[in-house]
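Here is what each chain is made of, one letter per residue.
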Amino acid sequence: MTVGSHASFFAGRTVVEVPADGPLPDADGPAAWRIAANDWDNSTDHKLNPQFRDAFERFVDRAGENVEALVIGSWGYAAFNEAPIAQLCEAAPRLPHLKALFLGDIVAEECEISWMRVGDVSPLLTAYPGLEVLRVRGGEDFRFSPVRHERLRRLEVQSGGLRPAFVRAVLDSELPALDELELWLGTPDYGGETTVADLAPLLAGERFPALRRLGLCNSEIADDIAEALAAAPVVKRLEALDLSLGTLGDRGALALAGGQPLTHLAKLDLSHHYASEDTVAAVKAALPGVWVDLSDPQEEDEDEGETYRYTAVSE
């Protein structure tokens, strides 16, 4: 499976497309403005698509003072054209009220997630000290550098394969207000070689004192992560735990249900899983009062005696 639809809501706001020409449409309530290039530039010089560059500049000149949420769609052919991180950073003085940013609202028909060439996204946090929500999507040349940011409350990183260096840099960052962290770890086939050991400071509760909602999603090692979480100190202060989109099976699900108490959680999301019906029933029975999502069960594939499980998003 790949990411198949553009965002319709982001950061509690309706996504409104910025037209190529003419006035901005009226928004029914708070809007997250979406900018995208419709004319893909398939050149291989890694330069920013001029159509996107010009559309972005026109929009910021017209509406920048009033923009609180921004969604960046296709910036050309994302496997070749560089992401507009530098342009976004340069525009920060003209976007003084930006609170929420989604970089990479790109679907498979435009570019597979593992092909998206993004670069280091952490300069966005340095450029926008008032940012509260950051969602980024990517795969190729997808990087992060340790950073301190006082106001970021939610960080979402969506990938078919999140490299260990990216994860470690996030965990080395100082984010005192971070309430929600969601990492799509992916598979080794696309660079997602992150292990439980890489997550150790997070699981030990040593990072992000305000953290209350944790997602370790789309992971090929979901069973290993679940076993670690069964005794991880960070779980005691969580309100929501999300292991969705991955390859969770009986081993991990039963470890969670039989580990430390989870009845303090408001929600446990285990959707897109490979657990048996008996295990599903056992997990739900062990967690009365918790909203447990075990929807979207999957079937293992078999080839020449080998069985295979797949994350929801990979290539």
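As a reminder, the structure under discussion sits directly above these lines.
Residues numbered from 1 in each chain as written. Predicted model: local features only at pLDDT ≥ 70, side-chain atom pairs only at ≥ 80, totals over all residues. Heavy atoms only, no water.

1. Focus on the pattern of salt bridges
Note the following rule: Any Lys or Arg side-chain nitrogen found within 4 Å of a carboxyl oxygen on Asp or Glu counts as a salt bridge. Numbering goes from the N terminus for both helices and strands, where a helix is a DSSP run of H or I of at least four residues and a strand is a run of E of at least two.
Under the counting rule described, the total for this entry stands at 25 salt bridges. Across the pair Arg 153 and Glu 132 runs a salt bridge, and its minimum N-O distance is 3.4 Å. With Arg 153 in the loop between strand 8 (140–143) and strand 9 (154–158) and Glu 132 in the loop between helix 3 (123–127) and strand 7 (133–137), this pair connects stretches of sequence that are 21 residues apart. The network of salt bridges with shared partners includes Arg 135, Arg 154, Glu 156, Asp 179, Glu 180, Glu 182, Arg 213 and Glu 239.

2. Brief notes about helix 8 (residues 277–286)
Applicable threshold: Buried, partly exposed and exposed residues are distinguished by accessible area as a fraction of the type maximum, computed with a 1.4 Å probe on protein chains only: under 20%, between the cut-offs, and over 50%, respectively. The directions considered for the arc are those from the helix axis to the C-beta atoms. The contact rule is simple, with two residues in contact once any of their heavy atoms fall within 4.5 Å.
Burial in helix 8 covers these residues: Thr 279, Val 280 and Val 283. For helix 8, the angular spread of the buried residues around the axis is 105°, confining them to a single face. Helix 8 presents Glu 277, Asp 278 and Ala 285 as exposed residues on the side facing more than 90 degrees away from its buried surface. Looking at the buried side of helix 8, the elements it contacts are helix 7 (250–258) and strand 14 (291–293).

3. Regarding the side chain of Ser 122
With respect to the secondary-structure elements, Ser 122 resides in the loop between strand 6 (117–120) and helix 3. Among residues more than four places away in sequence, those in contact with Ser 122 are Phe 144 and Ser 145.

4. Remarks on the sheet that holds strand 5 (residues 100–103)
Two strands in a sheet stick together by hydrogen bonds in their backbones, pointing the same way (parallel) or opposite ways (antiparallel). Heads up, the condition is: We treat two strands as partners when DSSP finds at least two bridges between them.
Read across the open sheet, the 12 strands follow the order 1-2-3-4-5-7-9-10-11-12-13-14; overall the sheet is mixed. Both outer strands of the open sheet, strand 1 (9–10) and strand 14, are each paired with one neighbouring strand and no more. The pairing of strand 9 with strand 10 (residues 180–186) spans 4 bridges and is parallel. Bridge assignment links Arg 154 to a residue of strand 10, and that residue is Glu 180.

5. Quick look at the packing of helix 7 against helix 8
The following threshold applies: Here the axes come from fitting lines to C-alpha atoms, over the contacting stretch only for helices, and the angles between their N-to-C directions go from 0 to 180 degrees. Comment on the angle field: the value is read as roughly parallel under 35 degrees, roughly antiparallel over 145, roughly perpendicular from 65 to 115, and oblique elsewhere. It is the rotation of the near helix from the far one that decides the hand of a crossing: anticlockwise by less than a right angle makes it left-handed, clockwise makes it right-handed. Throughout, the ten residues Ala, Val, Leu, Ile, Met, Phe, Trp, Tyr, Cys and Pro are labelled nonpolar, Asp, Glu, Lys and Arg are labelled charged, and all others, Gly among them, are labelled polar.
Look at helix 7 against helix 8: their axes get within 9 Å of each other, and the N-to-C directions meet at 15°. Considering their axes alone, helix 7 and helix 8 lie roughly parallel with respect to each other. The handedness of the crossing between helix 7 and helix 8 is left-handed. Residues Asp 250, Ala 253, Leu 254 and Ala 257 of helix 7 lie in contact with helix 8, whose contacting residues are Thr 279, Ala 282, Val 283 and Ala 286. Classifying every residue of the contact of helix 7 with helix 8 by side-chain character gives 6 nonpolar, 1 polar and 1 charged.

6. Comments concerning the nonpolar core
Note the following rule: Throughout, nonpolar core names a set of buried Ala, Val, Leu, Ile, Met, Phe, Trp, Tyr and Cys residues whose side chains join them through atoms within 4.5 Å.
The biggest cluster of nonpolar side chains holds 92 residues, and the ones touching the most others in it are Phe 56, Leu 70, Trp 75, Leu 103, Val 121 and Leu 181. If you tally residues by element for this core, the top one is helix 1 (residues 50–63), at 6 residues. Apart from the residues within four sequence positions on either side, Val 121 is in contact with Ile 85, Leu 103, Val 136, Phe 142, Arg 143, Phe 144 and Phe 166.

7. Quick word on the pairing of strand 9
Most of strand 9 sits out of view: 5 of its 5 residues are buried. Every second residue of strand 9 is oriented toward a common face, with Arg 154, Glu 156 and Gln 158 on one face and Leu 155 and Val 157 on the other, all of them buried. Across 5 bridges, strand 7 lies against strand 9 in parallel orientation. Considered in strand 9, the bridge of Val 136 is made with Val 157.

8. Some details on the packing of aromatic side chains
The line we're drawing: Side-chain rings of Phe, Tyr and Trp (the six-membered ring for Trp) are treated as a pair once their centres are within 6.5 Å; stacked means planes under 30 degrees apart, edge-to-face means over 60, and tilted covers the remaining angles.
The final tally for this structure, using the stated rule, is 5 aromatic pairs. Pairing Phe 142 with Phe 166 gives two aromatic rings, centres 4.8 Å apart and planes at 50°, and the pair type is tilted. Placement of Phe 142 in strand 8 and of Phe 166 in helix 4 (residues 164–171) is noted, with a sequence separation of 24 residues between them. Here Phe 142 matches Phe 166 in class, with each residue buried. Ring plane angle 40° and centroid distance 5.5 Å describe the contact between Phe 144 and Phe 166, whose orientation is recorded as tilted. With Phe 144 in the loop between strand 8 and strand 9 and Phe 166 in helix 4, the pair connects residues that are 22 residues apart, well separated along the chain.

9. Here we look at the pairing of strand 2 (residues 13–17)
The pairing of strand 1 with strand 2 spans 2 bridges and is classified as antiparallel. Residue pairing for strand 2: Phe 9 is matched across the bridge by Thr 14. Here strand 1 folds back onto strand 2, and the loop between the two strands holds 2 residues, one of which, Ala 11, carries a positive phi near 55°. Examined bridge by bridge, strand 2 and strand 3 (residues 31–35) share 4 bridges and lie parallel to one another. Paired with Thr 14 across the two strands is Ala 31, which belongs to strand 3.

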